[in-house]
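# Topology and contacts: notes
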Amino acid sequence: SAGLFAWRSTDKLVVVDIDGTVTRTDAGGVLASSEFGQSIGLLHAHEGVSEVLSYISSGGYRLLFLTARPITRSEATKKYLNQIGQEEGVAMPEGALM
């Protein structure tokens, strides 16, 4: 599936690197978003990252998640991002994935 984010030229934007920034390490983040990692509930995200990004988003900033992962991993990456923060009750805010 695909999503379309229609932003205005005046919207404030924050670029968020996924691997090594949202996740604790590049390799651990890739493993966590794999089918295996998701099947065992591996998150490997920094503690509080969803809270921080939710706070930024609530301030009117748009989020652009940046990754070097191949396009074939985009659905798994989106699913992984949606799982972060679920245990704490603060879901990761929506954003475009590039």
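Described in the following lines is the structure provided in the data block.

## Here's the deal with the environment of S34
- The residue S34 is located in the loop between helix 2 (26-32) and helix 3 (35-39) in this model.
- Along the backbone, S34 and K78 are 44 residues apart, and their C-alpha atoms lie at a distance of 11 Å.
- Of note is the side chain of S34, whose polar atom sits 3.1 Å from the backbone nitrogen of G37.

## Structural notes on the nonpolar core
- Counting 13 residues, the largest nonpolar core has V22, V49, L53, F65, L81, I84 and M92 as its most contacted members.
- Those elements that place two or more of their residues in this core are helix 1 (18-22), helix 4 (49-58), strand 2 (61-66) and helix 5 (74-83).
- Residues contacting L81, with those up to four places away along its chain left out, are I18, V22, F65 and M92.

Basis of the calculations
Residues numbered from 1 in each chain as written. Predicted model: local features only at pLDDT ≥ 70, side-chain atom pairs only at ≥ 80, totals over all residues. Heavy atoms only, no water. Helix = DSSP H or I, 4+ residues; strand = E, 2+ residues; numbered from the N terminus. Polar contact = N/O pair within 3.5 Å; in protein donor to acceptor, adjacent residues only side chain to side chain. Core = buried A, V, L, I, M, F, W, Y, C linked by side-chain atoms within 4.5 Å. Buried < 20%, exposed > 50% of the residue type's maximum accessible area, 1.4 Å probe, protein only. Contact = heavy atoms within 4.5 Å.

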